[in-house]
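Commentary on secondary and tertiary structure
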Amino acid sequence: MAQPKQYEGVRQRGETFTAYWYVRGKQRSRGGFRTAKQASAWRHRMLQQVEDGDYSQTTKITLGQWFDLWLPAIKNDVAETTWQVYASNVERQLRPALGHLVMAKIDRPTVRVFVTHLKEAGRQDGRGGLAPATIKHVVAVLHRAFRDAVEWGDIGLTANPVDGATRTVRVESTPKQI
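Since we're looking at a predicted model, the values are computed, not measured. (Residues numbered from 1 in each chain as written. Predicted model: local features only at pLDDT ≥ 70, side-chain atom pairs only at ≥ 80, totals over all residues. Heavy atoms only, no water.)

Quick word on the packing of helix α3 (residues 80–98) against helix α4 (residues 108–121)
Where α3 contacts α4, the axes come no closer than 12 Å and their chain directions differ by 130 degrees. Here α4 runs oblique to α3, going by the angle between their axes. Seen from above, α3 lies across α4 with right-handed handedness. Only Thr-110, Phe-114 and Leu-118 of α4 make contact with α3, whose side of the interface consists of Gln-93, Leu-94, Ala-97 and Leu-98. Classifying every residue of the contact of α3 with α4 gives 5 nonpolar, 2 polar and no charged. (Axes fitted to C-alpha atoms, helices over the stretch in contact; angles between N-to-C directions. Helix = DSSP H or I, 4+ residues; strand = E, 2+ residues; numbered from the N terminus. Parallel < 35°, antiparallel > 145°, perpendicular 65-115°, else oblique. Left-handed = near helix turned anticlockwise from the far one by under 90°. Contact = heavy atoms within 4.5 Å. Nonpolar A, V, L, I, M, F, W, Y, C, P; charged D, E, K, R; others polar.)

As structure tokens, this is what we get:
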């Protein structure tokens, strides 16, 4: 009986095959391939993406988990009062509404639905929506959290879903009477 062809970085696990490769010293894998050749082809594509700088391993971190990492990390980068406002907006508005969502699954429509919710029923006492200026501050915190997640690169995001979604937030000014 002929031996099956061996592929570098591919192992058989039961009836399927798994491809293994390294990114920044950490082993990554993907399994479930029906043939070793399919697993090898996948591994080759991943290695090419790593070499080209296009590889992005998105994680399944939720926005709430990100806030737990992000808020302490930026505490020394912003003024104390700014950090307190960020933490307040996270705990009062962002975590309850979006904290359970996986960051990689949050998109512009999700952000727009969230902003609409803030406009219509964002108050904690249940008596209507938040003021436009307050909504703008909450969205700014969300934008900064995603911006830092993209820049730091730890969780594999390549774009900020709040970009473009913030145009829906307008602060209406009323003329002051003298």
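A short note on the environment of Pro-132
You can see Pro-132 is positioned in helix α5 (residues 132–152). Residues Pro-132 and Lys-119 lie 13 residues apart in sequence; the distance between their C-alpha atoms is 7.4 Å.

Considerations on the sheet that holds strand β2 (residues 16–23)
With respect to topology, 3 strands assemble into an open sheet ordered β1-β2-β3, the strand pairing being antiparallel. The two strands at the open ends of the sheet, each matched to only one other strand, are β1 (10–13) and β3 (26–33). Strand-to-strand, the axes of this sheet are offset by a mean angle of 30 degrees, without reference to chain direction. Note that β2 and β3 share 6 bridges and pair antiparallel. When the bridges of β3 are listed, Ala-19 appears paired with Arg-30. Most of the contacts of helix α1 (residues 36–52) go to β2, to which it runs at about 15 degrees, and overall it touches β1, β2 and β3. (Pairing = 2+ DSSP bridges.)

Some words on the nonpolar core
What tends to happen in soluble globular proteins is that the nonpolar side chains get buried as a cluster. Leu-63, Trp-66, Trp-70, Leu-94, Met-103, Leu-142 and Phe-146 are the most contacted members of the largest nonpolar core, which totals 33 residues. Only α2 (63–74), α3, α4 and α5 provide two or more residues apiece to this core. Of the residues forming this core, the biggest block, 8 residues, is contributed by α5. Formed by 10 residues, the second largest nonpolar core is a distinct cluster that contains Ala-19, Trp-21, Ala-36 and Ala-39. (Core = buried A, V, L, I, M, F, W, Y, C linked by side-chain atoms within 4.5 Å. Buried < 20%, exposed > 50% of the residue type's maximum accessible area, 1.4 Å probe, protein only.)

Some remarks on the pairing of β2
With 6 of 8 residues buried, β2 lies mostly within the body of the structure. In this structure, β1 lies alongside β2, joined through 4 bridges in antiparallel fashion. Residue pairing in the sheet places Gln-12 in a bridge with Phe-17 of β2. Two successive antiparallel strands, β1 and β2, enclose a turn made up of 2 residues, where Gly-14 displays a positive phi of approximately 70 degrees. Counted along the chain from β2 to the antiparallel partner β3, the turn is 2 residues long, and its residue Arg-24 has a positive phi close to 50 degrees.

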